[in-house]
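Here is what each chain is made of, one letter per residue.
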Amino acid sequence: MSSAEVAPNPRWELAEELSDAVRRRWAADVQAIGVHGSLAHGDDTLGGDVDLVVVTYGDGRGPHPGSRRIDGIIVDLGVISADAYLRHARTLSTSWPLAADQYLTTTPLHDPGGWLDTLRDTHLARLAEASGREFSALARAAWYEAMSLHARSSRLAERYDTDGAVLLLAQARVAAATVEGLLTRTYFRGAAEAVTRTGLGEMTGTEVGAKLQAQAEALAERGRPVDGDIPDLLS
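As the structure is a computational prediction, the values presented were derived from the model and not from experiment.

Calculation criteria
Residues numbered from 1 in each chain as written. Predicted model: local features only at pLDDT ≥ 70, side-chain atom pairs only at ≥ 80, totals over all residues. Heavy atoms only, no water. Pairing = 2+ DSSP bridges. Helix = DSSP H or I, 4+ residues; strand = E, 2+ residues; numbered from the N terminus. Phe/Tyr/Trp six-rings, centres within 6.5 Å; stacked < 30°, edge-to-face > 60°. Buried < 20%, exposed > 50% of the residue type's maximum accessible area, 1.4 Å probe, protein only. Axes fitted to C-alpha atoms, helices over the stretch in contact; angles between N-to-C directions. Contact = heavy atoms within 4.5 Å. Patch = residues over 30% accessible without salt bridge, like charges linked within 9 Å, V, L, I, M, F, W, Y side chains within 5 Å. Areas by Shrake-Rupley, 256 points an atom, 1.4 Å probe, with all protein chains shown as cover. Salt bridge = Lys/Arg side-chain N within 4 Å of Asp/Glu carboxyl O. Lys, Arg positive; Asp, Glu negative; His and termini not counted. Charge placed at Lys NZ, Arg CZ, Asp CG, Glu CD. Core = buried A, V, L, I, M, F, W, Y, C linked by side-chain atoms within 4.5 Å.

## Focus on the pairing of strand β4 (residues 73–81)
Relative to β4, strand β2 (residues 50–56) runs parallel, the two being bridged by 7 bridges. When the sheet's bridge partners are listed, V54 is paired in β4 with V79. Bridge count between strand β3 (residues 66–70) and β4: 5 bridges; the pairing is antiparallel. Each residue of the ladder has a partner; that of R69, found in β4, is I74. Between β3 and β4, which pair antiparallel one after the other, the connecting turn spans 2 residues, and D71 there sits at a positive phi close to 55°.

## Thoughts on the packing of aromatic side chains
All told, the structure shown has 5 aromatic pairs when counted by the stated rule. Between the aromatic rings of W143 and Y144, the centroid separation amounts to 5.7 Å while the plane-to-plane angle is 80°, which identifies the pairing as edge-to-face. According to the relative accessible area criterion, Y144 is partly exposed, its value standing at 37%. Members of the aromatic cluster, connected to one another through ring pairs, are Y85, Y103 and W115.

## Re the sheet that holds β2
Spatially, β3-β4-β2-β1-β5 is the arrangement adopted by the 5 strands of the open sheet, whose pairing is mixed. Both edges of this open sheet fall to β3 and β5 (107–110), since each of them pairs with a single strand only. Strand-to-strand, the axes of this sheet are offset by a mean angle of 25°, without reference to chain direction. Sitting on the sheet, helix α3 (residues 82–89) touches β1 (30–35), β2 and β4, and the angle it makes with β4 is about 95°. Against the sheet, helix α5 (residues 115–129) touches β1, β2 and β5, its axis set at about 70° to β1.

## So, unusual backbone geometry
Note on backbone geometry: most residues besides glycine have negative phi, and most peptide bonds are trans. The phi dihedral of D71 falls on the positive side, at around 55°, and the residue is not glycine. As for its placement among the helices and strands, D71 is situated in the loop between β3 and β4.

## Digging into the environment of D29
Relative to the helices and strands, D29 resides in the loop between α1 (10–25) and β1. Looking at D29, the relative accessible area reads 18%, which means it is buried. Residues D29 and W96 lie 67 residues apart in sequence; the distance between their C-alpha atoms is 28 Å. Not counting residues within four places of it along the chain, the set of residues in contact with D29 comprises V55, T56, Y57, R61 and G62.

## Some points on a negative patch on the surface
Side chains of E13, E16, E17, D20 and D71 sit close together on the surface and give a patch of like negative charge. Relative to the elements of secondary structure, E17 occurs in helix α1.

## Notes on α3
For α3, the set of buried residues is A82, A84, Y85, L86 and A89. The inward-facing, buried residues of α3 contact β1, β2, β4, α4 (96–104) and α5.

## Overview of the nonpolar core
Ranked by internal contacts, the top residues of the largest apolar core, which has 34 residues, are L92, W96, F135, W143, V179, L182 and L200. For this core, the element with the highest residue contribution is helix α7 (residues 162–184), accounting for 10 residues. Once residues lying within four places of it in the same chain are set aside, the contact partners of F135 are L92, W96, L127, A130, L182 and R185. Among the nonpolar cores identified, the runner-up in size contains 14 residues, and V22, I33, L39 and L77 belong to it.

Right under this line is the structure:
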């Protein structure tokens, strides 16, 4: 193979083959088809997955969502109506740091009307209008989940349930990374990148606890203290 030639990418080939098959069978139902994740970012590797999304003109149209291993490649097929996808893009939630990438980085396989650009612009517009207080409120809600996971992990460790403690600690790391993403308006490509970029990936249980305490202090400084009383909870 000459230096000018590029080896074929079996994941791209499979994504394109699947896109063509969907369009042939549901031509009247499909508005756009694209890929997320490493394929969209251009840095997929051998063993990578294919994350494909089919955007339809209405609910219940097009193929059923699902996952399969095809020719040794894991394929995740997502199906969603255009209206529902835009609603998601306009909604900020505690999962935003792990969800935003799908709105902002999608490579089209079929998008004659440029709908995926509309999806991206819709989400960017929502981010532009979001206040710091809104993100702080989401960060506080996410903090409670992270703190709960960390506490449960600590209790299991005290009972010498090492496997359970390790599992919950891993979940607590991801949850704490999500809090950090909300505090800093940072989104990630997935859980692995979230814990790596925030430095939580190699933290011990004690270090994760210290991180959560620091986040609680940051939330208090922003007018969103994590501690309160019954009237505060019910207000």
